[in-house]
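Observations on the three-dimensional arrangement
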Amino acid sequence: MKRSELGFALALFPLDAIALTAAFAMAYFTRLQTCIIYVWDFATFMRFILGFVPFWLGLFAIEGLYRIRWSRKLIDELARVFLAVSSALMLLVAWIFLSRTEFFSRLVVLYGWVYAIGLVFLLR
């Protein structure tokens, strides 16, 4: 194992956390541009999202996004990112539904999914 491979794998962890947080912040502000009936304030929304980021990163690890020896072909990486982000988002949606949390917008979830795939893949 090369030092650069280990360094790259370690750098991905905080970059993914930043990408996920930024994706949902962007989704929040994108949703604010349209007519809204009920909106959480930004601080509450970010606390909610930051509570899920460790679970997202755990799912990323299970999906193999942090393997040190891994073929980094562009299409393989995109497929893994797509699958990991989609799986984590489905768990988030299931949790919102089962806990009966008054989540204000399904559109934020859709925007967050698109932004998360794009940002996580771009930062890789």
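Scoring rules and cut-offs
Residues numbered from 1 in each chain as written. Predicted model: local features only at pLDDT ≥ 70, side-chain atom pairs only at ≥ 80, totals over all residues. Heavy atoms only, no water. Helix = DSSP H or I, 4+ residues; strand = E, 2+ residues; numbered from the N terminus. Expected span 1.5 Å × (residues − 1). Buried < 20%, exposed > 50% of the residue type's maximum accessible area, 1.4 Å probe, protein only. Arc of directions from axis to C-beta. Axes fitted to C-alpha atoms, helices over the stretch in contact; angles between N-to-C directions. Parallel < 35°, antiparallel > 145°, perpendicular 65-115°, else oblique. Left-handed = near helix turned anticlockwise from the far one by under 90°. Contact = heavy atoms within 4.5 Å. Nonpolar A, V, L, I, M, F, W, Y, C, P; charged D, E, K, R; others polar. Polar contact = N/O pair within 3.5 Å; in protein donor to acceptor, adjacent residues only side chain to side chain. Core = buried A, V, L, I, M, F, W, Y, C linked by side-chain atoms within 4.5 Å.

Below, the discussion takes up helix H4 (residues 106-123). Look at H4: 26 Å from first C-alpha to last across 18 residues, which is about the 26 Å you get at 1.5 Å a residue. All of the buried residues in H4 are Val 108, Val 109, Gly 112, Ala 116, Ile 117 and Val 120. For H4, the arc enclosing every buried residue in end-on projection is 165°, short of the 170-degree limit, so these residues lie on one face.

Right, let's get into the packing of helix H3 (residues 74-99) against H4. At a minimum axis separation of 9 Å, H3 and H4 run at an interaxial angle of 150°. Taken together, H3 and H4 sit at an angle that is classed as roughly antiparallel. Crossing hand, H3 versus H4: right-handed. In contact with Leu 74, Glu 77, Leu 78, Val 81, Phe 82, Val 85, Ser 86, Leu 89 and Val 93 of H3, H4 contributes Val 109, Trp 113, Ala 116, Ile 117, Val 120 and Phe 121. Residues that form the contact of H3 with H4 fall into these classes: 13 nonpolar, one polar and one charged.

Moving on to the environment of Ser 86. Locating Ser 86 in the fold gives a position in helix H3. Residue Ser 86 is classed as buried on the basis of its relative accessible area, which comes to 16%. Each C-alpha atom of the pair Ser 86 and Ile 117 lies 8.4 Å from the other, and the pair is 31 residues apart in sequence. A polar atom in the side chain of Ser 86 sits 2.7 Å from the backbone oxygen of Phe 82.

Let us look at the packing of helix H2 (residues 42-63) against H3. Where H2 meets H3, the closest approach of the two axes is 9 Å, and the angle between their N-to-C directions is 135°. By the angle between their directions, the pair H2 and H3 is classed as oblique. By crossing handedness, the relation of H2 to H3 is classed as right-handed. Only Arg 80, Leu 83, Ala 84, Val 85, Ser 87, Ala 88, Leu 89, Leu 91, Leu 92, Trp 95 and Ile 96 of H3 make contact with H2, whose side of the interface consists of Phe 48, Phe 52, Trp 56, Leu 59, Phe 60 and Glu 63. Among the residues making up the contact of H2 with H3, the classes are represented as 14 nonpolar, one polar and two charged.

By size, the foremost hydrophobic cluster in this structure holds 33 residues, and its most contacted members are Phe 45, Trp 56 and Phe 60. At the level of secondary structure, the elements contributing two or more residues to this core comprise helix H1 (3-32), H2, H3 and H4.

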